[in-house]
Amino acid sequence: TEPIRDESRLAAAKAPDGAEQAEQLILALMMNDPAAVERFQQKLGFLQDPACQTLAMMIIDAYRSKATLDPAALIDSTQDQQVKDLITKLATQEEFHIVYDEKILDGAMRKVKLTILTKRANGFKEQLKTAMNPENRELALNEYQACLRELRRNIDEEEQDDSEED
């Protein structure tokens, strides 16, 4: 199926409402265009969901040997039913048939990064609530603060991208 160039769907796809949707959008873009694969490898390189991560690696491997991607060949190359179901979903659901746009991909990758950083920051915050020796507390606090700075930087990038579009 040919990717759809519907502007309203592109706008909706740009800001997925959750990390799971963002990961699936990243995979759909990767399945549709090898340029998305290259950008994914440069900017993110991994996904949180095990099935999504497996599929990302399969897509990368498939493009190493061929210029185009065949979802049926991907399905045939795995025994994991969850990955097969994910490929089928991405290959058949209309909202995933979009033309590659670097900004859409970057927005989805940023959502994944923000989710990871938020979970990490929350983990440090919980750790700081527990009793620990002063050295460990200082290390945890430094990690927590570094995580918050990275989170802030990513949020600022997202806000900057949004303001450039207006």
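This one's a predicted model, so the numbers in the text were calculated from it and none came from an experiment.

## Quick look at the overall build of the chain
Assigned secondary structure in the chain consists of eight helices and zero strands. Helices and strands appear in the chain in the N-to-C order α-α-α-α-α-α-α-α. Taking as baseline every contact in the chain between residues at least 6 positions apart, the subset at least 24 positions apart corresponds to 69%. Counting every atom, the chain has about 9,700 Å² of accessible surface; 49% of that belongs to carbon and sulfur.

## Some details on the environment of Phe96
The residue Phe96 is located in the loop between helix H6 (81–92) and helix H7 (102–128) in this model. Residue Phe96 is classed as buried on the basis of its relative accessible area of 8%. Counting along the chain gives 67 residues from Phe96 to Leu29, while the straight-line C-alpha distance between them is 7.7 Å. Other than its neighbours up to four places away in sequence, Phe96 contacts Gln24, Leu25, Ala28, Asn32, Lys89 and Leu90.

## Section: the packing of helix H2 (residues 19–32) against helix H4 (residues 50–65)
For the pair H2 and H4, the least separation of the axes is 10 Å and the interaxial angle reads 15 degrees. As summarised for this structure, H2 and H4 are arranged roughly parallel, according to the angle between their axes. Here the hand of the crossing between H2 and H4 comes out left-handed. Every residue of H4 that contacts H2 at Glu23, Leu27, Met30, Met31 and Asn32 is listed here: Cys52, Leu55, Ala56, Ile59, Ile60 and Tyr63. Grouping the constituent residues of the contact of H2 with H4 by class yields nine nonpolar, one polar and one charged.

## Considering H2
Taking 1.5 Å per residue, 14 residues should reach 20 Å; H2 reaches 20 Å between its end C-alpha atoms and fits that length. The buried count for H2 comes to 11 of 14 residues, which makes it a mostly enclosed element.

## Quick look at the pattern of salt bridges
Going through the model one piece at a time under the given rule, you end up with 10 salt bridges. Between Asp156 and Arg152 there is a salt bridge whose closest N-O contact spans 2.9 Å. Remark: Arg152 and Asp156 occur in helix H8 (residues 134–165); sequence separation between them is four residues, near one turn of the helix. Each of the salt bridges in this network shares a partner with another, and the network as a whole consists of Arg110, Glu150, Arg153 and Glu157.

## Topic: helix H3 (residues 34–43)
Those residues of H3 lying buried are Ala36, Val37, Arg39 and Phe40. Where H3 is buried, its residues contact H2, H4 and H7. Structurally, the start of H3 carries an N-cap: the backbone nitrogen of Ala35 is 2.8 Å from a side-chain oxygen of Asp33. Gly45, located one to two residues past H3, shows a positive phi value of around 85 degrees.

## A closer look at the packing of H3 against H7
Running from N to C, H3 and H7 point in directions that differ by 35 degrees, and their axes come no closer than 11 Å. In this structure, H3 meets H7 at a crossing whose hand is right-handed. Between H3, through Ala36, Arg39, Phe40 and Lys43, and H7, the contact on the second element is made entirely by Glu102, Leu105, Asp106, Met109 and Lys113. Class assignment of the residues belonging to the contact of H3 with H7 gives a composition of four nonpolar, no polar and five charged.

About the criteria used
All residue numbers here refer to positions counted from 1 along the written sequence of the relevant chain. Residues qualify for local features only when their pLDDT is at least 70, as the model is predicted, and side-chain atom pairs are given and counted only at 80 or more; totals for whole chains, interfaces and linings, by contrast, use all residues. Working from all heavy atoms in the structure, the side-chain values ignore hydrogens and water. Only DSSP runs of H or I covering at least 4 residues are called helices, and only runs of E covering at least 2 are called strands; the numbering of each starts at the N terminus. Any two residues whose heavy atoms approach within 4.5 Å are treated as being in contact. Accessible surface area values rest on a Shrake-Rupley calculation with a 1.4 Å probe, where residue burial reflects the displayed protein chains alone. Residue exposure (1.4 Å probe, protein chains only): buried if accessible area is under 20% of the type maximum, exposed if over 50%, otherwise partly exposed. In this analysis, axes come from line fits to C-alpha atoms, helices being fitted only over the stretch in contact, and the angle between any two N-to-C directions falls in the range 0 to 180 degrees. An angle below 35 degrees is read as roughly parallel, one above 145 as roughly antiparallel, one from 65 to 115 as roughly perpendicular, and any other as oblique. Note: crossing handedness is left-handed where the near helix turns anticlockwise from the far helix by less than a right angle, and right-handed where it turns clockwise. Each residue is assigned to one of three groups, with Ala, Val, Leu, Ile, Met, Phe, Trp, Tyr, Cys and Pro labelled nonpolar, Asp, Glu, Lys and Arg labelled charged, and all others, Gly among them, labelled polar. Any helix carries an expected span of 1.5 Å times its number of residues minus one. Salt bridge criterion: a side-chain nitrogen from Lys or Arg within 4 Å of a carboxyl oxygen from Asp or Glu. Pairs of N or O atoms within 3.5 Å make up the polar contacts considered here, provided that, within protein, one atom can donate a hydrogen while the other can accept it, and that residues adjacent in sequence are counted only when both atoms are side-chain atoms.

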